[in-house]
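# Structural overview for review
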Protein chains: 2
Amino acid sequence: MSVNVKFKSDIEIAQEAKMEPIIKIAAELNLTEDDLELYGKYKAKLSSETIQKLQTKESGKIILVTAINPTPAGEGKSTVTVGLGDALHKLNKKVMIALREPSLGPTMGIKGGATGGGYAQVLPMEDINLHFTGDFHAITTANNALAALIDNHLQQGNELRIDQRRIVWKRAVDLNDRALRKVIVGLGGPVQGVPREDGFDITVASEIMAVLCLATDLQNLKQRLANMIVAYNVDKEPVTVADLGVEGALTLLLKDAIKPNLVQTIEHTPALVHGGPFANIAHGCNSAIATVTASKLADYVVTEAGFGADLGAEKFLNIKTRAAGFKPEAVVIVATIRALKMHGGVAKSELANESIEGLRAGFENLRKHAETIQSFGLPFVVAINKFITDTDKEVKTLLELCEKYSLPVELTEVWEKGGAGGISLAQRVLEVIEKGQSNFSPLYQLADSIEDKITTIVQKVYGGSKVEFSSKAKKQLADFERFGWSNLPVCMAKTQYSLSDNPTRLGRPTDFTVTVRELKPSIGAGFIVVLTGDVMTMPGLPKAPAALKMDVDADGNPIGLF
Amino acid sequence: MSVNVKFKSDIEIAQEAKMEPIIKIAAELNLTEDDLELYGKYKAKLSSETIQKLQTKESGKIILVTAINPTPAGEGKSTVTVGLGDALHKLNKKVMIALREPSLGPTMGIKGGATGGGYAQVLPMEDINLHFTGDFHAITTANNALAALIDNHLQQGNELRIDQRRIVWKRAVDLNDRALRKVIVGLGGPVQGVPREDGFDITVASEIMAVLCLATDLQNLKQRLANMIVAYNVDKEPVTVADLGVEGALTLLLKDAIKPNLVQTIEHTPALVHGGPFANIAHGCNSAIATVTASKLADYVVTEAGFGADLGAEKFLNIKTRAAGFKPEAVVIVATIRALKMHGGVAKSELANESIEGLRAGFENLRKHAETIQSFGLPFVVAINKFITDTDKEVKTLLELCEKYSLPVELTEVWEKGGAGGISLAQRVLEVIEKGQSNFSPLYQLADSIEDKITTIVQKVYGGSKVEFSSKAKKQLADFERFGWSNLPVCMAKTQYSLSDNPTRLGRPTDFTVTVRELKPSIGAGFIVVLTGDVMTMPGLPKAPAALKMDVDADGNPIGLF
């Protein structure tokens, strides 16, 4: 293969692909049209009755796809997730993929979709990357309806004695809009509301997104919504959605959004694409309902978690498995030689040049994540996503390193070849599962103190030496104990680029301290967010946003989406 | 019928009704499944190809339903629209209804839906009143994407030299949220954007809503979006969406929202429910595409316009017919005896008592609207929506008054009886149409000056004596002349409660002056908004919002929606 090959863009490949009617895809899963709520010919929600009915069925085996710490070189985790699903499908396994829904904000801002790439994509990618079935719009609406109800409560006499300086519920838009990060609302005089500081998060950072993705059914969703903290009163006691009495209305707004969305890959493998919370201030996985439902419909479920294994997989394994009540059977850790070289100190501009030294140094990042997965009692396979710039010597070196440290490894070419490029990976994953080596347990007990949970993650997952708590965090720990929140799992908000809390320390840093600056109770989601640095919950647009190139052609077909 | 009868609520009636699969409803219109994009079993969008294909077909006859000036007593315009459609359906006419989509904001705030009432409703009312097919969410998103792109333009160097004090594009949410009326955005320092005053409108007040509802196809939509004015530069020249170069992206976000939504009434009459702009700062009618498409699919289309005939019908006839290129055949003017009594000075608390005098006085409001419809060259029928509190003597008086002034009139009972309660109205409307008396023309020429257009409406539609322009409005008129906007129709923003610009002057006020305070160019929509008073473009929530009663039952069925 030559470097000069002109690759087709993702949207070109997607638009050339011929989809099957979603009814036909559903039929392969023994679902009839009555089990579906169609959204056009190629998308459907599964009905509540069907999801309910499936719960008593035996579960298939869940395979988690994670990765090394992300770098600007790109790893292709979603692409491998889709490609592995397609490969299992090609091997005639009954398989489903479970993926997150993309957020519209980044789509309008920075080129780059979230539905896989090349010949390993879920379709219809244009719809999935735009409004899809409206789930995120429903979440935005519920989020902002709650905000309006809080401000209305202030305006109408403030019976709950909410301290307007301590309202923690922010508004949301599913867009990149930096001007909304910090705002003042309620201006214009007494009839226009109570002036106060406020801010907007991108919808994927709304607690409602995390709640929807951890809820097990509609009633559980309602309970979680009721538990959400919106403010503190003048006595500094938490005020919840239940205190406002609007959990029913919010649940009503989310009654369709909670149903997972059935789509297909280019190779007609069925996929549930549903939910997409942030992987820092939330847990970064598709909905629990999608993963569990997929496991009832198929023998194998391939799913992914956000960012690297230190964030996404850790939360998948410590938070999501507990909330949803399942155990995974195996993990795939995605890496590329390019990204490993960056972890080994090679600059992005130098990635096209061979660097055995850089690769060796960067391999340590991969090795750490493999150790982490082992510490959860899970077998794994390393998937090296091949790039055309990888030299034979680099590939050979990496395979030798994996062998030296007993890391099972397979090369994949799913971007170029779809499922055919992931057959050896699929076979290796099946082999690992058949050996039955999974002995999964979360890394900490819920009864551990919040400090201990954090320390366990910092030491066992990040490889750090210790944790320091700011004076604010220490005060919060005491409050949380008093409010009865100590038994919740923790959700670490840390830079995704490094195992440490310093984004410039790539590779495998050691002997570092993680500083906990602040805690944030997400009581509806059911976890305590642990902030170790600045977390951006509302991205901005770049100088030349992707929106400038977007258009529709004369027939209404999308142009300029990736 | 006794006053003590316990009526079922709208939602109870709706949930007891048995819907037909929408595919079956479509089949009656000679549409196949390939013409539809299904949203579940009971909602569908018509495909772009189908809409395109229908354009060459002959058009059916369009019947506009309008009303007297609204009062707190209620008139039931949407209910009559649905009931008349059902009655024509019962008479075996090939008929379609075209209605606006309701906004979620008022749904969460104040009990009262917008999908008809009683046995004259469109279904599934819960879905239509909540997220429906996502059209309003797409509009909200396009509106706010544009706002984010404007603020990003400021942040990234402001090449267009936008005067940040003169940005006229506001953000939007489809909620009642008074705290967002006046806000300051961009706070927090240089990396968080440029601080400036801003505000949010409810989505139905977004110019994009008006644009979508007047666009004739996707390319026309794109052109209208490109024409929208977002700001003025430091030289006070308008800055448009085209200057920002993002009309393609906005069109892409609206590519599905532009397709009309097919649903059915309780009696299985097909209905297109699509779009819903404000009737003050916009033109207050369902989409042009829905009305025109309905006229290609059916021999009769029953559609409505917002508020009374002075606002909704005037704009339907002067703005929408021109943009969409059709002529209506007949008009129905809805009134109730209760509402007429209020126009005649009877207090709301006294409406249950007979008041012949009040009725006689209030009848003048109805008579004025009938004259207005005649001035457009259109035949009409007055529909008196019967209430159980109407006395025989009141009914007799009203019929005599109608006879005296030669107003064709029919009593309807569509709320209680559905189509069966509207048969005589339907027969009378058919009679009027068969006589072929329609000689429709708009009331003014586009070449008339903006002042003359306004004066024509004030004198011929409102019955006022003259128009005064504030100094601000006069200066704007000069600017608009210079910008080449004088040939656009005008869109009057006036109180809906009175024919005058004073909401307390009910009945038929005379010898009044209308004061034009300010003009607002909606160049994408293609009209100049004429502000004659304060217009609320972001409603607030009441002390006890409807949201407090909303919920889902154990099976996920909505509770507490009307």
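The structure displayed is predicted, hence computed values, not measured ones.

It is worth spelling out the nonpolar core at this point. Grouped together as the largest cluster of nonpolar side chains are 334 residues, with contacts concentrated most on Leu 146, Leu 254 and Ile 454 of chain A together with Leu 146, Leu 254 and Ile 454 of chain B. Not counting residues within four places of it along the chain, the set of residues in contact with Leu 254 of chain B comprises Ala 138, Ile 139, Ala 142, Ile 208, Leu 212, Leu 221 and Leu 225 of chain B.

Residue and element names in this part refer to chain A. Within this numbering scheme, the UniProt entry marks Thr 71, Pro 72, Ala 73, Gly 74, Glu 75, Gly 76, Lys 77 and Ser 78 as carrying the feature "binding site: ATP" (unreviewed entry). Relative to the assigned elements, Ala 73 resides in the loop between strand E3 (61–67) and helix H4 (77–90). Apart from the residues lying within four places of it in its own chain, the contact partners of Ala 73 are Arg 338, Ala 339, Met 342, Leu 351 and Phe 387. Relative to the assigned elements, Gly 74 resides in the loop between E3 and H4. Those residues in contact with Gly 74 that sit more than four places away from it in its chain are Thr 336 and Ala 339.

We now examine a negative patch on the surface. A grouping of Glu 33 and Asp 34 of chain A together with Glu 33 and Asp 34 of chain B is seen on the molecular surface, where their side chains present a negatively charged patch. Residue class for Glu 33 of chain B comes out partly exposed when judged on its relative accessible area of 37%.

The subject of this paragraph is the sheet that holds strand E12 (residues 229–233) of chain A. Residue and element names in this part refer to chain A. Spatially, the three strands line up as an open sheet ordered E7-E12-E13, and their pairing is antiparallel. Each end of this open sheet is capped by a strand with a single partner; those strands are strand E7 (162–167) and strand E13 (238–240). The average angle at which neighbouring strand axes cross in this sheet is 50°, direction not considered. Direction of pairing for E12 relative to E13: antiparallel, over a ladder of three bridges. Residue pairing for E13: Tyr 232 is matched across the bridge by Pro 238.

What follows concerns empty space enclosed by the protein. Gaps left between atoms are located by rolling a probe of water-molecule size over the structure's atoms. Going through the model one piece at a time under the given rule, you end up with eight cavities of 30 Å³ or more. Within this model, the largest cavity holds a volume of roughly 380 Å³. In this structure, the largest cavity is lined by 32 residues; those nearest its centre are Tyr 39, Thr 133 and Gly 134 of chain A together with Thr 133 and Gly 134 of chain B. Elements represented by at least two residues in the lining of the largest cavity include exactly helix H6 (125–129) and helix H7 (135–155) of chain A together with helix H6 (125–129) and helix H7 (135–155) of chain B. Here the residues of the lining of the largest cavity are counted per class, giving 11 nonpolar, eight polar and 13 charged. In this structure, the second largest cavity spans a volume of roughly 200 Å³. If you trace the second largest cavity, you find 16 residues lining it, with Thr 140, Thr 141 and Asn 144 of chain A together with Thr 140 and Asn 144 of chain B closest to the centre.

This part is about the relation of the copies chain A and chain B. Aligned on chain B, chain A shows an RMSD of 0.0 Å; the corresponding rotation is 180° and the shift along the axis is 0.0 Å. Read as a symmetry element, the transformation amounts to a two-fold axis. Rotation axis and chain A: the residue whose C-alpha lies nearest the axis is Tyr 39 of chain A, separated from it by 2.2 Å. The overlap is high: 100% of the interface residues of chain A also sit at the interface in chain B, so the same surface is used on both sides.

What follows concerns the side chain of Asn 365 of chain B. Its place among the elements puts Asn 365 of chain B in helix H15 (residues 356–375). Polar side-chain contacts of Asn 365 of chain B include one of 2.8 Å to the backbone oxygen of Gly 507 of chain B.

Here we take up the packing of aromatic side chains. Residue and element names in this part refer to chain A. Evaluated as defined, the whole model comprises 12 aromatic pairs over all chains. Following the ring pairs from residue to residue traces out a cluster consisting of Phe 480, Phe 483 and Trp 485. The positively charged end of Lys 494 is found above the aromatic ring belonging to Tyr 462, 4.6 Å away from the centroid.

As a further point, take unusual backbone geometry. The amide bond that connects Leu 123 of chain A to the next residue, Pro 124 of chain A, takes the cis arrangement and shows omega of -5°. Its place among the elements puts Pro 124 of chain A in the loop between strand E6 (120–123) and H6. Backbone geometry places Asn 92 of chain A, a non-glycine residue, at a positive phi of 65°. By the element assignment, Asn 92 of chain A lies in the loop between H4 and strand E4 (95–99). The exposure class assigned to Asn 92 of chain A is exposed, which follows from its relative accessible area of 70%. Unusually for a residue other than glycine, Asn 30 of chain B sits at a positive phi of about 65°. As for its placement among the helices and strands, Asn 30 of chain B is situated in the loop between helix H2 (22–28) and strand E1 (36–38).

This paragraph deals with the sheet that holds strand E23 (residues 518–522) of chain B. Adjacent strands of a sheet pair through backbone hydrogen bonds, lying either parallel or antiparallel. Residues and elements named next belong to chain B. Judged by pairing direction, the sheet is mixed, and its three strands sit side by side in the order E21-E24-E23 without closing on themselves. Looking along the sheet, the strands with just one partner apiece sit at the ends: strand E21 (490–493) and E23. Shown here is a sheet whose adjacent strand axes are inclined to one another by a mean of 25°, direction ignored. Seen against the sheet, helix H20 (residues 471–483) touches E23 and strand E24 (527–531) and runs at an angle of roughly 30° to E23.

All names here are of chain B. Axis separation between helix H8 (residues 207–214) and helix H9 (residues 218–227) bottoms out at 9 Å; the angle between their running directions is 150°. Classified by the angle between their axes, H8 and H9 sit roughly antiparallel to one another. Here H8 and H9 pass one another in a crossing that is right-handed. Contact with H8, carried on its side by Ile 208, Val 211, Leu 212 and Leu 214, involves Asn 220, Leu 221, Arg 224 and Leu 225 of H9 and no other residues of that element. Each residue belonging to the contact of H8 with H9 can be placed in one class, and the counts come to six nonpolar, one polar and one charged.

All right, on to the interface of chain A and chain B then. Contact with chain A, which involves 71 residues of that partner, is made by 71 residues of chain B. Here chain A and chain B share an interface that buries about 5,900 Å² over both sides, 62% of which is from carbon and sulfur atoms. Counting the surface chain A buries against chain B, the share from its top three residues, Gln 156, Arg 178 and Leu 252 of chain A, is 10%. If you look at where chain A meets chain B, you find six salt bridges. With 10 residues, H7 of chain A is the largest single contributor of residues to the side of chain A that touches chain B. Taken together, the residues of the side of chain A that touches chain B break down into 37 nonpolar, 18 polar and 16 charged.

Right, let's get into helix H12 (residues 288–297) of chain A. For an α-helix, the turn length of 3.6 residues means that residues three or four places apart are oriented alike. The element H12 of chain A is extensively covered by neighbouring structure, given that nine of its 10 residues are classed as buried. What H12 of chain A keeps buried is the set Ala 288, Ile 289, Ala 290, Thr 291, Thr 293, Ala 294, Ser 295, Lys 296 and Leu 297 of chain A.

The next thing to look at is the environment of Val 239 of chain A. Residues and elements named next belong to chain A. Its place among the elements puts Val 239 in strand E13. Put simply, Val 239 and Ile 167 are 72 residues apart on the chain and 9.0 Å apart in space, counted from C-alpha to C-alpha. With residues near it in sequence (within four places) discarded, Val 239 still touches Leu 160, Ile 162, Met 228, Ile 229, Val 230, Ala 231, Tyr 232 and Asn 233.

Enumeration over the complete set of coordinates arrives at zero disulfides over all chains. Here Cys 213 of chain A stays unpaired: no disulfide links it, and the sulfur of Cys 285 of chain A, its closest cysteine neighbor, is 8.5 Å away.

All right, on to the pairing of E6 of chain A then. Sheet faces and side chains relate simply in a regular strand, where the side chains alternate between the two faces. Residues and elements named next belong to chain A. Side chains Ala 120 and Val 122 of E6 all project onto a buried face; the interleaved residues Gln 121 and Leu 123 project onto the opposite face, where all are buried too. Judged from the two bridges that link them, strand E5 (residues 116–117) and E6 form a sheet pairing that is antiparallel. Among the inter-strand pairings, Gly 117 is bridged to a residue of E6, identified as Ala 120. Linking two consecutive strands that pair antiparallel, namely E5 and E6, is a turn of two residues; a positive phi of about 60° is found at Gly 118 within it. Here E6 runs beside strand E14 (residues 261–265); their pairing, made up of two bridges, is antiparallel. Residue pairing across strands places Val 122 opposite Thr 265, the latter belonging to E14.

Glancing now at the environment of Leu 411 of chain A. Residues and elements named next belong to chain A. You can see Leu 411 is positioned in strand E19 (residues 409–412). In this structure, the C-alpha to C-alpha distance between Leu 411 and Asn 502, residues 91 residues apart in sequence, is 31 Å. Apart from residues no more than four positions distant in its own chain, Leu 411 is found in contact with Ile 384, Lys 386, Val 395, Leu 399, Gly 421 and Ser 424.

Chain-level statistics for chain A give a pLDDT mean of 95 and a share of 98% at 70 or above. As scored by the predictor, the complex reaches a pTM of 0.96 and an ipTM of 0.96.

Once that is clear, we can look at the pattern of salt bridges. Tallying each qualifying case throughout the model produces 72 salt bridges over all chains. Here Lys 43 of chain A ties to Asp 127 of chain A by a salt bridge, and the two come within 2.9 Å at their closest N and O atoms. Of this pair, Lys 43 of chain A sits in the loop between strand E1 (36–38) and strand E2 (44–46) while Asp 127 of chain A is found in helix H6, placing the two residues 84 residues apart along the sequence. The exposure class of Lys 43 of chain A is buried, given its relative accessible area of 9%. Using a relative accessible area of 16% as the deciding quantity, one classes Asp 127 of chain A as buried. Ionic pairing is found between Lys 259 of chain B and Asp 256 of chain B, a salt bridge with its closest N-O pair at 2.8 Å. Per residue, the accessibility class of Lys 259 of chain B equals that of Asp 256 of chain B, and both read buried. One continuous salt-bridge network, built from bridges that share partners, spans Glu 37, Lys 255, Asp 256 and Lys 259 of chain A together with Lys 43 and Asp 127 of chain B.

Reading the values: rules and limits
Residues numbered from 1 in each chain as written. Chains lettered and ligands numbered in written order. Predicted model: local features only at pLDDT ≥ 70, side-chain atom pairs only at ≥ 80, totals over all residues. Heavy atoms only, no water. Core = buried A, V, L, I, M, F, W, Y, C linked by side-chain atoms within 4.5 Å. Buried < 20%, exposed > 50% of the residue type's maximum accessible area, 1.4 Å probe, protein only. Contact = heavy atoms within 4.5 Å. UniProt positions renumbered as here; feature names shortened; annotations may be inferred. Helix = DSSP H or I, 4+ residues; strand = E, 2+ residues; numbered from the N terminus. Patch = residues over 30% accessible without salt bridge, like charges linked within 9 Å, V, L, I, M, F, W, Y side chains within 5 Å. Areas by Shrake-Rupley, 256 points an atom, 1.4 Å probe, with all protein chains shown as cover. Salt bridge = Lys/Arg side-chain N within 4 Å of Asp/Glu carboxyl O. Lys, Arg positive; Asp, Glu negative; His and termini not counted. Charge placed at Lys NZ, Arg CZ, Asp CG, Glu CD. Pairing = 2+ DSSP bridges. Axes fitted to C-alpha atoms, helices over the stretch in contact; angles between N-to-C directions. 1 Å grid on protein atoms, 1.4 Å probe; cavity = no way out; pocket = protein on both sides within 12 Å on 5 of 7 lines; lining within 4 Å. Points joined across faces, edges and corners; volume = space filled by probe spheres on them. Nonpolar A, V, L, I, M, F, W, Y, C, P; charged D, E, K, R; others polar. Least-squares fit on C-alpha atoms with pLDDT ≥ 70 in both. Polar contact = N/O pair within 3.5 Å; in protein donor to acceptor, adjacent residues only side chain to side chain. Phe/Tyr/Trp six-rings, centres within 6.5 Å; stacked < 30°, edge-to-face > 60°. Lys NZ or Arg CZ within 6 Å of the ring centre and 35° of its normal. Parallel < 35°, antiparallel > 145°, perpendicular 65-115°, else oblique. Left-handed = near helix turned anticlockwise from the far one by under 90°. Buried area = accessible area lost by both parts, 1.4 Å probe. Disulfide = S-S within 2.5 Å. pLDDT = per-residue confidence, 0-100.

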